[in-house]
Every structure is written in structure tokens, then in C-alpha cells.
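Spelled out from the first residue to the last, the chains are:
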Amino acid sequence: MESIIKLSNVSKEFKILNRHEGLAGSIRDLFSRDYKIVRAVDNISLDVAQGEIVGFLGPNGAGKSTTIKMMTGVLEPSNGELIINNRIPYKDRTKNSQEIGVVFGQRSQLWWALPLVESFKLLKDIYQISDKDYNDMLELYGSMIDLEPLLHKPVRQMSLGQRTLSDILAAFLHNPKVVFLDEPTIGLDVAMKSKIREMILGLNQKKNTTVILTTHDMGDVDALCHRIVIIDKGRMLYDNDIEHLKKFFGAYRTLKIRLREDTEEAAVKLTKELSDLDIAISNDDTWISILVNEEKTRVIKVLERIQETHSVRDMQLEEISTEDVIKKIYEGGTGFGK
């Protein structure tokens with residue numbers, strides 16, 4: 001299948017001034033040529049086919065935003081080749097913008113004081129959407145969600161979830177070939193997250209729109225993405241489907257226990273007592289979670305060690321979650337990226 005997004009050995013470098021302290025340092029900086037080169041994106045190659053939903057993951061500062069800014073034409077790569085829908089985005093920003101949709105970091109493209117329908121009409125004129133295509137999209141939206149109450153509501157009166165939902169609808173309104181979504185469900189309640197995920201998936205399936213999704217919410221990844229790309233420190237660590245990733249971690253299990261003592265204090269004690277084992281311990285208000293690599297340490301051995309000094313009230317054994325897999329990769333617990 002032909003790629004709609006193609007990155008070949010793409011890098012982006014920034015020249016940053018080495019600043020000096022104090023007033024004298026500030027004056028010196030005005031004439032300084034003491035710069036350092038920071039490589040935000042380091043030799044990334046990526047092919048995305050039409051209609052794919054790709055989770056683009058990485059910790060803060062990994063290079064995700066810089067990569068997406070290059071894809072949208074905001075930044076020019078320092079090296080490499082970048083093609084979006086047969087165009088070089090930074091050389092043809094106007095036409096590229098007409099064929100992509102973007103929802104970035106709570107920066108709304110809607111008019112704050114106007115009802116949603118008026119923002120849609122303005123976007124219709126900006127993108128030169130025909131009356132038929134515009135009405136078809138509104139009809140499609142209406143078949144997926146209860147749109148009517150939102151259309152005549154000023155954006156400033158909407159809840160965060162309603163604004164996010166409306167921004168995503170606006171991004172798809174001109175039927176773009178690629179949509180970039182940056183943390184679309186951040187700060188939302190469970191019900192609204194579910195509604196937005198269903199809508200994104202429905203629009204992707206009905207319009208065959210390619211979606212690049214950046215998120216820290218693994219619920220978004222599990223619900224929407226068959227394929228994930230993980231980057232850290234500007235380098236690509238992983239590019240494959242989620243199931244392949246979980247199979248790689250097939251030996252990992254999460255042992256969840258409840259003890260007859262304060263959970264936080266017990267977690268601290270267990271971290272010291274089991275420091276010789278290949279495990280990772282975390283906790284919430286109720287459960288202590290112990291991530292175990294059974295190729296190195298059996299779960300039953302961990303449990304036996306705990307019972308030597310603690311009274312266990314309850315326990316559960318779970319397969320490793322997508323979130324735990326990603327954490328292990330960030331921590332360098334795999335051969336990826338090495």
C-alpha cells in the first residue's frame with residue numbers, strides 16, 4: 001500500500017546559546033557566539049499508509065512535537081526527506097494545510113464567542129468546502145453523536161470535553177487526508193474519553209483518514225491504535241503493532257497484593273527487602289503492584305518472600321499492560337534502541 005506519510009532519515013537540530021549568569025553575563029550574551037547544537041530528532045525513518053491510526057509515543061522532551069511540527073510544515077528538517085501526501089510540507093505549507101487537520105495542546109481553532117455552527121461556517125469558507133460536502137459531514141457527525149445541542153452553543157460556554165469534541169469535529173470537517181491529534185483526551189472524564197475515542201475511530205473508518213495520535217493515556221492507545229511508534233531522546237525505539245510488543249514482554253506478570261498494613265509504608269519496605277530480585281514495585285491507595293520478569297524470577301518465589309515478613313490479605317495476577325510495557329521501554333528494560 002502506498003505511503004501517505006514518508007520520513008527518510010529525518011533529523012532536526014537547534015542552535016542554542018550557552019547563556020551566562022548575572023547582568024554582565026546578559027550583556028556578554030548579546031555578542032556571544034558560544035552556541036551548542038541540540039539534536040531534537042535524530043535520524044527517524046517512518047512510513048504510514050492511508051487509513052492507519054498510529055500512536056506516536058514518548059516521554060516529555062522525546063522529540064514528538066518537533067517531528068509533528070515538521071510533518072505539518074511548521075519546521076524544516078535539518079537533514080533527510082519528509083513527504084506528506086506527495087508534498088514536501090515546509091515548501092508547500094498552504095496546500096499541505098488544506099489537506100491536514102490538527103488538534104494541538106488545547107489550542108482551539110474555534111471562535112470563542114461564537115456558536116459552534118458559526119465556527120463551522122467560517123471553516124467551510126476558509127477551506128472552500130462545497131455545500132454538499134459540508135452538509136454530508138454534518139449529517140455524518142449527527143449520526144455519530146448528539147450534535148444539535150452543541151451547534152448553537154457558544155464555545156466559551158462549553159465544558160472542556162465538549163470543546164475537545166468540537167475541535168476534533170472541526171479538524172475533520174474539510175475531510176483531510178491526515179489528522180494530527182495531540183493528547184485529545186487529556187483532562188477528560190471516563191465517559192467523554194470513551195465518546196471521543198469512538199468518534200475518532202468512526203471517522204477514521206468512514207473517511208479512511210490517516211490519524212497520528214500523540215498521547216500519554218494508554219487507554220487511547222489500546223482503543224485506537226494497532227500500530228505504535230516510540231521515540232526517546234530523538235531516536236526511534238520501536239515501530240510495530242501492540243501485540244508484537246506485548247509478546248516481546250510475554251514473560252512479564254504483575255502481582256498485585258493487599259497487606260494488613262499501610263500500603264505506602266509496606267511498598268517502601270518491600271522495595272528494600274526484595275532489592276535482590278528483578279522486579280519493579282509501585283503502589284496506589286489499596287494495592288501494591290509488583291512487575292515480575294518470570295524468565296529471571298518466578299512469581300511464586302516473590303510471593304513466598306513477601307509472606308515471610310508480611311501478612312497478605314488479597315492478591316491478583318495480571319498480564320503486563322500496555323502502559324507497563326511502555327514504561328519498561330523508557331527505563332531501558334529491553335533490547336529496543338540499543
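Thresholds, definitions, all that
- Residues numbered from 1 in each chain as written.
- Predicted model: local features only at pLDDT ≥ 70, side-chain atom pairs only at ≥ 80, totals over all residues.
- Heavy atoms only, no water.
- Helix = DSSP H or I, 4+ residues; strand = E, 2+ residues; numbered from the N terminus.
- Buried < 20%, exposed > 50% of the residue type's maximum accessible area, 1.4 Å probe, protein only.
- Domains from an automatic or database assignment.
- Arc of directions from axis to C-beta.
- Contact = heavy atoms within 4.5 Å.
- Axes fitted to C-alpha atoms, helices over the stretch in contact; angles between N-to-C directions.
- Parallel < 35°, antiparallel > 145°, perpendicular 65-115°, else oblique.
- Left-handed = near helix turned anticlockwise from the far one by under 90°.
- Nonpolar A, V, L, I, M, F, W, Y, C, P; charged D, E, K, R; others polar.
- Core = buried A, V, L, I, M, F, W, Y, C linked by side-chain atoms within 4.5 Å.
- Patch = residues over 30% accessible without salt bridge, like charges linked within 9 Å, V, L, I, M, F, W, Y side chains within 5 Å.
- Areas by Shrake-Rupley, 256 points an atom, 1.4 Å probe, with all protein chains shown as cover.
- Salt bridge = Lys/Arg side-chain N within 4 Å of Asp/Glu carboxyl O.
- Lys, Arg positive; Asp, Glu negative; His and termini not counted.
- Charge placed at Lys NZ, Arg CZ, Asp CG, Glu CD.
- Pairing = 2+ DSSP bridges.
- Phe/Tyr/Trp six-rings, centres within 6.5 Å; stacked < 30°, edge-to-face > 60°.
- Lys NZ or Arg CZ within 6 Å of the ring centre and 35° of its normal.

### Some details on the environment of Thr 164
Phase 1 of the analysis: If you trace the backbone, Thr 164 turns up in helix H7 (residues 160-172).
Phase 2 of the analysis: Thr 164 gets classed as buried once you look at its relative accessible area, which sits at 6%.
Phase 3 of the analysis: Note: C-alpha distance between Thr 164 and Ser 108 (56 residues apart in sequence) is 8.2 Å.

### With respect to the domain arrangement of the protein chain
Phase 1 of the analysis: Domain annotation for the protein chain reports domain 1 (3-246) and domain 2 (251-319).
Phase 2 of the analysis: A C-alpha centroid distance of 39 Å is found between domain 1 and domain 2.

### Section: helix H12 (residues 299-309)
Phase 1 of the analysis: If you check which residues of H12 are buried, you get Val 299, Val 302, Leu 303 and Ile 306. Mapping the buried residues of H12 onto a view down its axis gives an arc of 95°, with all of them on the same face. Within H12, the exposed residues directed more than 90 degrees away from the buried face are Ile 300 and Glu 308.
Phase 2 of the analysis: Those residues of H12 that are buried are in contact with strand S10 (252-259), helix H11 (263-273), strand S11 (279-283), strand S12 (288-293) and strand S13 (312-319).

### Notes on the packing of helix H4 (residues 116-126) against H7
Phase 1 of the analysis: The geometry of H4 relative to H7 is characterised by a closest axis approach of 10 Å and an angle of 20° between their N-to-C directions. The angle between H4 and H7 places the two elements in the roughly parallel class. Crossing of H4 against H7: the hand is right-handed. Note on element contacts: H7 touches H4 through Ser 166, Leu 169 and Ala 170, opposite Leu 116, Phe 120 and Leu 123.
Phase 2 of the analysis: Its residues assigned to classes, the contact of H4 with H7 comprises five nonpolar, one polar and no charged.

### Considering the nonpolar core
Phase 1 of the analysis: Phe 120, Tyr 141, Ile 228 and Ile 230 are the most contacted members of the largest nonpolar core, which totals 53 residues.
Phase 2 of the analysis: With six residues, the top contributor of residues to this core is H7.
Phase 3 of the analysis: What Phe 120 contacts, discounting residues up to four positions off in sequence, is Tyr 134, Leu 138, Leu 151, Ser 166, Leu 169, Ala 170 and Leu 173.
Phase 4 of the analysis: In terms of nonpolar packing, the next biggest core, distinct from the first, is built from 23 residues, Ile 68, Met 70, Val 178 and Phe 180 among them.

### Some details on a negative patch on the surface
Phase 1 of the analysis: On the surface, Asp 262, Glu 264, Glu 265, Asp 284 and Asp 285 cluster together into a negatively charged patch.
Phase 2 of the analysis: When you line up the elements, Glu 265 lands in helix H11.

### What to know about the sheet that holds S13
Each strand in a sheet pairs with its neighbour through backbone hydrogen bonds, running either in the same direction (parallel) or in the opposite one (antiparallel).
Phase 1 of the analysis: The four strands lie next to each other as S11-S12-S10-S13, forming an open sheet whose pairing is antiparallel. Strand pairing shows two members of the sheet lacking a second neighbour, S11 and S13, which therefore form its edges. Direction aside, the axes of adjacent strands within the sheet are offset by 20° on average.
Phase 2 of the analysis: For S11 and S12, the ladder comprises five bridges, and the chain directions are antiparallel.

### Digging into the packing of aromatic side chains
Phase 1 of the analysis: Counted according to the given criterion, the structure contains one aromatic pair.
Phase 2 of the analysis: A ring pair is formed by Phe 120 and Tyr 141, whose centres lie 6.4 Å apart and whose planes are at 50°; its orientation type is tilted. Highlighted residues: Phe 120 in helix H4 and Tyr 141 in helix H5 (residues 131-144), separated in sequence by 21 residues.
Phase 3 of the analysis: Given a relative accessible area of 0%, Phe 120 falls into the buried group.
Phase 4 of the analysis: Residue placement shows Lys 12 over the ring face of Phe 14; its charged tip is 5.4 Å from the ring centre.
Phase 5 of the analysis: Positioned above the aromatic ring of Trp 287 is the side chain of Arg 258, whose terminal nitrogen or guanidinium carbon lies 5.6 Å from the ring centre.

### A short note on the sheet that holds strand S6 (residues 178-182)
Phase 1 of the analysis: A sheet is described by the order of its strands in space; here six strands give the open sequence S5-S6-S7-S3-S8-S9, paired in mixed fashion. Of all strands in the sheet, those bounded by a partner on one side alone are strand S5 (100-103) and strand S9 (235-241). In this sheet, adjacent strand axes meet at a mean angle of 15° when their direction is disregarded.
Phase 2 of the analysis: As judged from the four bridges shared by strand S3 (residues 53-57) and strand S8 (residues 227-232), these two strands associate in the parallel manner. Paired with Leu 57 across the two strands is Ile 230, which belongs to S8.

### Some points on a nonpolar patch on the surface
Phase 1 of the analysis: Together, Trp 111, Leu 114, Leu 122 and Ile 126 line one region of the surface with nonpolar side chains, adding up to about 330 Å² of accessible area.
Phase 2 of the analysis: Along the polypeptide, Ile 126 turns up in helix H4.

### Thoughts on the packing of H4 against H5
Phase 1 of the analysis: Where H4 contacts H5, the two axes come as close as 11 Å, and the packing angle between them is 145°. Of the two possible hands of crossing, H4 and H5 adopt the one that is right-handed. The segment H4 lies against H5, with Val 117, Phe 120, Lys 121 and Lys 124 engaging Asp 131, Tyr 134 and Leu 138.
Phase 2 of the analysis: Grouping the constituent residues of the contact of H4 with H5 by class yields four nonpolar, no polar and three charged.

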